[in-house]
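Notes for the structure review
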Amino acid sequence: MSLLLGALTLGFIFSFIALGVYISFRIFAFPDITADGSSTLGAAMAGMLLVHNVNPVLATAGGFASGFLAGIFTGTLATKFKINGLLAGILVMTGLYSVNLHIMGRSNISLLGSSTLSTYADRIGVALTHGRPLHLMGWEITALEASLLVASFLFVALAGCVMYVFFQTNLGTAMRATGDNSDMIRALGVNDENMIILGLAVSNGLIALGGTLLAQYQGFADVQMGIGMVVWGLASVIIGEALVGTRQLGLSITGAVMGSVLFRLLVAIALRLGLDPNDLKLVTAAFVFLALIAPGLLKRLKTRRPGPVHA
Amino acid sequence: MLEICSINKTFNSGTPNELRALQNVSLTVNDESFVIIIGTNGSGKSTLLNAVAGSFYVDSGKISLGGSDVTRWPEYHRGKFIGRVFQNPFTGTAANMSIAENLALAAHRGRPRRLDWLLRHNLVRQFRDRVCQLNMGLENRLKNPIGSLSGGQRQALTLLMATWLRPELLLLDEHTAALDPKSADQVIALTDTIVRRDKLTTLMVTHSMQQATNLGDRLIMMHRGQIIHDFRGAEKKRIRVDDLLARFEEVRRAELLDESAAEMLRRAYV
């Protein structure tokens, strides 16, 4: 049971990565792989602040802000300097590796002694349950597990709602239109380059927020923790699209969150069934590969079927 | 008023594919004037429109719009003052977004994009009224993605978007060329109505001699990156399709003459 709860909680935390990847890959059609660096950046920034006894809420906000800044860098490289989007992401991601090491001062820092959002959630949970273990469908769960799950869910729900509203405002709609048809939005007097920069900033801000929450959940920040984040996020987005089957905004956002949770559950099950953790990234990459080529393959299979004979 | 002062544009400069698309083109378009541009293939009609819109910067010369020098203004900056309808119906609208969202983006042309709610009720009501006037049955489909519409419907909406806020200048780049004849007629009728009603300063490129003679108060003919004829006033009103075809024939003959002269010289000297 605690394995299931843990997977759900991780799924909600990883939803932030999925939402960020949804913005860059789906809304802007921009293959932004800054995420691998910015998720660690968020964790490193928040970790460093937490170790220095900064308020966890402020530290989390600091994590978001650092990712936002990283996104501005990638966006600026890609638009103002006309560097290929993929390369711009690689450059920033690579640079961030050193930045992250500098921020943390070493390759990982432990947050076990610091007060974090997790300890906040735990305290609230204990206060609400008076420290008694909870019973869910006959299983005993601790207040800590339950409060972390509820807190991460509330956090994601809030972020999803804010995103849903944001992308229907004047600014947010202009951003979506930039990804859809940049010729059109320029003709309507909008600076599409600024839209891309801002969009990548928001995307990487969310991703860094995910890294921040992950570090506080697992109790440490590590310079390697961001590796594979883009592919994980993409896998979640793809699963989400398969679940909700549409690209409508509200459903897509819900789908990305659902996809992330489902993906974490699948990972937990696979690990339980004996998947070597070392193979996890390979399996994920293979999964994304299959999901990317599946639509094309299906179409080809369909057209190969013999049609009516023309006279 | 649009003033184009001897602009030049060469594509692929210094390569075997060099194309002198615009050669010393000058043109002054008065306010509320509706100018039709025709020309042979590759004569620079669309290039002229794109130069004005800012899709690229001209190599030399000056473009000013409403008294400001816009020569070095980026495309999006000019977009605040210029309404455009493109040849390809896919270019003017965002396919995955709804009709209402597309119109709303256009209704905020040139204004800062802030965190205010886009689809306000009174705005949507205006959309419904104006879309209803198109007689295309789209007023009840405002929430549908624009990609689900036909090319004619998309061009009609793009026209509506381009003129929602009165633009300083309206650029129509063969906006009916990709449509079936019936939709093309509809869009042309709509164009004429809107341009007359709002007294818009308009540049319209077309391949249709019919449109060229029926519409507008001034007609410009381009060839090889230059303006070769400029009919206006009574002369424009008098001009018929046959006259235009005769002018094109003239151009063609002159071209043949050029080629045969070149051939003669080659034989004599090489």
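Residues numbered from 1 in each chain as written. Chains lettered and ligands numbered in written order. Predicted model: local features only at pLDDT ≥ 70, side-chain atom pairs only at ≥ 80, totals over all residues.

Moving on, we come to the confidence of the model for chain B. Predicted confidence across chain B gives a mean pLDDT of 92, with 100% of residues reaching 70 or more. Across the interface, the model reports ipTM at 0.88; the global pTM reads 0.90. (pLDDT = per-residue confidence, 0-100.)

All names here are of chain A. An ideal rise of 1.5 Å per residue puts 24 Å on 17 residues; helix α2 (residues 35-51) measures up with 24 Å between its terminal C-alpha atoms. Burial runs high along α2: 16 of the 17 residues are buried. Taken from the residues just after α2, Asn 53 is the one with a positive phi, measuring 60°. (Helix = DSSP H or I, 4+ residues; strand = E, 2+ residues; numbered from the N terminus. Expected span 1.5 Å × (residues − 1). Buried ≥ 20, exposed ≤ 12 C-beta atoms within 10 Å, placed from the backbone.)

On to the interface of chain A and chain B. Opposite the 20 residues of chain A that make contact, chain B presents 25 residues. For the side of chain A that touches chain B, the elements supplying multiple residues, two or more each, are α7 (170-180) and α8 (182-187) of chain A. Broken down by element, the residue count for the side of chain A that touches chain B peaks at 7 residues, all from α7 of chain A. Of the residues contributing to the side of chain A that touches chain B, the split by class is 7 nonpolar, 7 polar and 6 charged. (Contact = placed C-beta atoms within 7 Å. Nonpolar A, V, L, I, M, F, W, Y, C, P; charged D, E, K, R; others polar.)

Right, let's talk about the pairing of strand β4 (residues 60-65) of chain B for a bit. All names here are of chain B. Note: strand β1 (residues 2-11) against β4, 5 bridges, orientation antiparallel. Within β4, the residue paired with Asn 8 across the bridge is Ser 60. Sheet analysis places β4 next to strand β5 (residues 68-69), joined by 2 bridges and oriented antiparallel. Pairing of Leu 65 across the sheet is with Ser 68, part of β5. Two successive antiparallel strands, β4 and β5, enclose a turn made up of 2 residues, where Gly 66 displays a positive phi of approximately 55°. (Pairing = 2+ DSSP bridges.)

All names here are of chain B. Judged by pairing direction, the sheet is mixed, and its 6 strands sit side by side in the order β6-β7-β8-β3-β9-β10 without closing on themselves. The open sheet has two edge strands, β6 (82-85) and β10 (226-232), and neither has a second partner. Here the strands of the sheet are splayed against their neighbours by 15° on average, with no regard to which way each runs. Across 6 bridges, strand β9 (residues 218-223) lies against β10 in antiparallel orientation. (Axes fitted to C-alpha atoms, helices over the stretch in contact; angles between N-to-C directions.)

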